[in-house]
Amino acid sequence: MPRLQNDDDQELLSRLTMGDAAAFRALYDRYWQRLLYFASQKMNGDMGEAENIVQDIFISIWERRETLTITHNFEAYLVTSVKYRVIKWLNRHFTENLYDEEGQAIDILDDSTQEYLASSELEKRLAAIVGTLPEKAQLIYRLNKDEGITHRQIADELGMTETAVNVTLVRTRKTLRSSLGSFLNSFLF
């Protein structure tokens, strides 16, 4: 097992697809604590639910081991999986909280509901703005933000210089800041 701890993620994933339980354990040991912390932060410290989410992700990986294909950064894949599962949990939690003990709909919005709605609207607006960017800028933005790939890795993957990637991301951020600034002002005031 000590040798596996030094193997890179791609080697461990390759062994995992062949059913190597030790490789799976090495990946689990490498990432579970970071993912648990990340999930609990997004869930206001609900460690029990955060632990369930992380366990479910690793169970899913084990069950799909023979067909699992991860071409990019494994840690980014895991973080994205946590994000999506937390969003699903928040949606379920939000829906459950819309009803009182008798099953009657609650029509008074508390602060957390307002925050949820604002966040959801902001995500929609952000996705719409990103969709208007040039194709290459969209790709670079999504690789960096959604998949957690570094500027250097993006440059290597797209055959660009790291400076070109940096310039594209700076322009994209300015566009997003400008577009979202007017949206946020209209939404908040």
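For the structure itself, look to the data block above.
What counts and what doesn't
- Residues numbered from 1 in each chain as written.
- Predicted model: local features only at pLDDT ≥ 70, side-chain atom pairs only at ≥ 80, totals over all residues.
- Heavy atoms only, no water.
- Helix = DSSP H or I, 4+ residues; strand = E, 2+ residues; numbered from the N terminus.
- Buried < 20%, exposed > 50% of the residue type's maximum accessible area, 1.4 Å probe, protein only.
- Contact = heavy atoms within 4.5 Å.
- Core = buried A, V, L, I, M, F, W, Y, C linked by side-chain atoms within 4.5 Å.
- Polar contact = N/O pair within 3.5 Å; in protein donor to acceptor, adjacent residues only side chain to side chain.
- Expected span 1.5 Å × (residues − 1).
- Arc of directions from axis to C-beta.
- Phe/Tyr/Trp six-rings, centres within 6.5 Å; stacked < 30°, edge-to-face > 60°.
- Lys NZ or Arg CZ within 6 Å of the ring centre and 35° of its normal.
- Salt bridge = Lys/Arg side-chain N within 4 Å of Asp/Glu carboxyl O.

Points about the overall build of the protein
And step 1. Scanning the protein from N- to C-terminus turns up nine helices and zero strands.
And step 2. Going from the N terminus to the C terminus, the protein shows its helices and strands as α-α-α-α-α-α-α-α-α.
And step 3. Across the 189 residues of the protein, 31% fall into the buried class.
And step 4. If you take every contact in the protein between residues at least 6 apart in sequence, the share linking residues at least 24 apart comes to 54%.

With respect to the environment of Leu16
And step 1. Structurally, Leu16 can be placed in helix α2 (residues 9-17).
And step 2. C-alpha separation for the pair Leu16 and Ile61, spaced 45 residues apart in sequence, amounts to 9.2 Å.
And step 3. Beyond its immediate sequence surroundings of up to four residues, Leu16 is in contact with Ala23, Phe24, Leu27, Ile61, Trp62, Arg65 and Leu68.

Focus: the nonpolar core
And step 1. Ranked by internal contacts, the top residues of the largest apolar core, which has 26 residues, are Phe58, Ile61, Phe74 and Leu78.
And step 2. Elements with a contribution of two residues or more to this core: α2, α3 (21-42), α4 (47-63) and α5 (74-96).
And step 3. Per-element tally for this core: the top contributor is α3, with nine residues.
And step 4. Grouped together as the second largest cluster of nonpolar side chains are 15 residues, Ile140, Met160, Val165 and Leu176 included.

Section: the side chain of Thr80
And step 1. Within the secondary structure, Thr80 sits in helix α5.
And step 2. You can call Thr80 buried: its relative accessible area is 18%.
And step 3. In terms of polar contacts, Thr80 uses its side chain to reach the backbone carbonyl oxygen of Ala76, at 2.9 Å.

Some points on α4
And step 1. Between its first and last C-alpha, α4 extends 24 Å over 17 residues, near the 24 Å set by a 1.5 Å rise per residue.
And step 2. All of the buried residues in α4 are Ala50, Ile53, Val54, Ile57, Phe58, Ser60 and Ile61. Within α4, the buried residues cover an arc of 155° as seen down the axis, which keeps them to one side.

Comments concerning the packing of aromatic side chains
And step 1. One pass over the structure, following the stated rule, counts seven aromatic pairs.
And step 2. A centroid spacing of 6.3 Å and a plane angle of 15° characterise the contact between Tyr28 and Trp32, whose relative ring orientation is stacked. In this pair, Tyr28 and Trp32 are both assigned in helix α3, four residues apart and thus about one turn of the helix distant.
And step 3. On the accessibility criterion, Trp32 (32% relative accessible area) is partly exposed.
And step 4. Taken together, the ring pairs connect Phe24, Tyr28, Trp32, Phe58 and Trp62 into an aromatic cluster.
And step 5. Sitting above the plane of the Trp62 ring, Arg65 keeps its charged end 3.9 Å from the centroid.

Things to note about the pattern of salt bridges
Two side chains of opposite charge can pair, provided their charged atoms sit close to one another.
And step 1. For the structure on display, the rule yields seven salt bridges.
And step 2. As a salt-bridge pair, Arg34 and Glu75 come within 3.1 Å of each other at their nearest N and O atoms. Of the two residues, Arg34 sits in helix α3 while Glu75 sits in helix α5, which places them 41 residues apart along the sequence.
And step 3. With relative accessibility at 29%, the residue Glu75 sits in the partly exposed group.

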